[in-house]
Amino acid sequence: MAVASPSARARRRGPKPLAIGITCYPSVGGSGVLASTLGWELAQRGHQVHFISYERPFRMTEAWTGVQFHQVAINDYGLFKYPDYTLPLSVKMAEVSRQCRLDVLHVHYAVPHATAAILARSMLDGERQPKVVTTLHGTDTTLLGRDTGYAPAIRHALEKSDAVTAVSAWLRDETMELLQLRRPIDVIHNFFAPRKPRRSREEVRRELGLRDGEAMVLHLSNLRPVKRVDLLLDAAARVRPREAFKLVILAGADFTPFVDHVRRLGIEDRVVVREKVNDIEDYLQAADLGLFSSETESFCLSLLEAMWFGCPSVSTQVGGIPEVMTSGREGLLVPPGDAVALARGVETLLQDAPLRKRMGRAAQRRARGIFSADVIVPQYEALYRRVCAGG
Ligand code: GMT
């Protein structure tokens, strides 16, 4: 990534740069990826960016000049059966807000980040208080919002945030209904800002053991239950001819729990797994088709990542996915929970190379036209300015 001088860019642009604190889950996962990339992009636009979390976001390398990291120390008190993160996080948020004169605390994933931010803001009562922006990513409300042990706290933190955004209109509507909110939620879709692949397509295909004419069907996820990896494998087992493809899974978690299922289906020779891959762009550029089997998905950043590289996908039609990809134009959407429909979709696109190419081109056009950093990051900047102006 090119390193620009944030202050020089800020001077060119005009309006006063903002000091923005960002809190996210630093591990592999869509919300963390999005938040880290947003932080980097904001720094490139001249803002002062501070990440506050228990670990450096996994994409935040030493080359990230203009971005600071503030670590939250997790306590280890014998009295506590379960370590607490929310309180030390809120204390660190207040401390960084005071020291760095933060204008905005932007938290990604409501639990427990939004609650900690609201607490931090009220600890600064009588001082300069940052505005709190909460971005919802999906399971923070679709799953935890259904849990009576969490819902009232989530509702409170959202009602008290200065702005709340959701990564799709579907997630906004779902959250409004589920939590019966009395406040508006802005929709700001996710974006993708790829890094340059480090290896060639051929090198990657060789590493994966793909033969000439064998298509690379790619799945990327953190393997959580909502991703329905069982269904993904069932679908792969039904695709004919079986020699036409390999299913490459970039797993953001341990794949061991699924190994037996792969064996039972007899598709060990069709499935290649790579765990915790950092250079996803290497694999994205080499893929012919994406395959996603989620039972719920507020956006599906992985789908967008595939589209960016001109790769059409077959996916279940759930949640915000139709906002990202149009069925029949950039890929195929099928009913959820249906392995046969997923397999038929894969067969259709594997058998028809011109259609696959056409859809791939359309997917790339849509991804770059609508979901790029240049389109989306200014929407966050406008939102920050709005809340800072008291709107
Ligand atoms: O379930 C995941 O994929 C992880 C989760 C997260 O918060 O890291 O992903 C959610 O946020 C992503 C980024 O906004 C979205 O692209 C995913 O659709 C969303 N996951 C779900 O809604 C299940």
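Everything in this summary refers to the structure shown in the same document. Owing to the predicted nature of the structure, the values given are computational and were not obtained by experimental measurement.

1. Some points on the site of the ligand
(1) Moving on: In the vicinity of the ligand, 19 residues are found, and the nearest of them are Ser-31, His-137, Arg-224, Lys-227 and Glu-297.
(2) Moving on: Contact between the ligand and Arg-224: an oxygen atom at 2.6 Å from a side-chain N or O atom of the residue.
(3) Moving on: Note that an oxygen atom of the ligand is positioned 3.0 Å from one of the backbone N or O atoms of Cys-300.
(4) Moving on: When the ligand sits alone it has 480 Å² of accessible area, and the protein chains cover 94% of it.

2. Some points on the sheet that holds strand β3 (residues 67-71)
(1) Moving on: Within the open sheet, the seven strands sit side by side as β3-β2-β1-β4-β5-β6-β7. Their pairing is parallel. The sheet terminates laterally at β3 and β7 (186-187), the two strands that pair on one side only.
(2) Moving on: Of the strands in this sheet, β1 (19-23), β4 (104-108), β5 (131-136), β6 (163-166) and β7 touch helix α16 (residues 373-388), which is tilted by about 145° from β5.

3. Comments concerning the pairing of strand β12 (residues 313-316)
(1) Moving on: The two faces of β12 match: Ser-313 and Ser-315 on one face and Val-314 and Thr-316 on the other face are all buried.
(2) Moving on: Looking at chain direction, strand β11 (residues 289-292) and β12 are connected through three bridges and run parallel. Paired with Leu-291 across the two strands is Val-314, which belongs to β12.
(3) Moving on: Between the parallel pair β11 and β12, the chain is carried across by helix α12 (residues 301-308), and the sense of this crossover is right-handed.
(4) Moving on: Judged from the four bridges that link them, β12 and strand β13 (residues 331-334) form a sheet pairing that is parallel. By the bridge assignment, Ser-315 is partnered in β13 with Leu-333.

4. So, the packing of helix α2 (residues 30-44) against α16
(1) Moving on: At a closest axis distance of 11 Å, the pairing of α2 and α16 adopts a crossing angle of 80°. Judged by the inter-axis angle, α2 sits roughly perpendicular to α16. Residues Leu-34, Leu-38, Glu-41 and Leu-42 of α2 form the contact with α16, whose own contacting residues are Ala-373, Val-377, Tyr-380, Glu-381 and Tyr-384.
(2) Moving on: Taken together, the residues of the contact of α2 with α16 break down into seven nonpolar, no polar and two charged.

Cut-offs applied
Residues numbered from 1 in each chain as written. Predicted model: local features only at pLDDT ≥ 70, side-chain atom pairs only at ≥ 80, totals over all residues. Heavy atoms only, no water. Near = heavy atom within 4 Å. Polar contact = N/O pair within 3.5 Å; in protein donor to acceptor, adjacent residues only side chain to side chain. Areas by Shrake-Rupley, 256 points an atom, 1.4 Å probe, with all protein chains shown as cover. Pairing = 2+ DSSP bridges. Helix = DSSP H or I, 4+ residues; strand = E, 2+ residues; numbered from the N terminus. Contact = heavy atoms within 4.5 Å. Axes fitted to C-alpha atoms, helices over the stretch in contact; angles between N-to-C directions. Buried < 20%, exposed > 50% of the residue type's maximum accessible area, 1.4 Å probe, protein only. Right-handed = clockwise from strand over helix to strand, strands pointing away. Parallel < 35°, antiparallel > 145°, perpendicular 65-115°, else oblique. Nonpolar A, V, L, I, M, F, W, Y, C, P; charged D, E, K, R; others polar.

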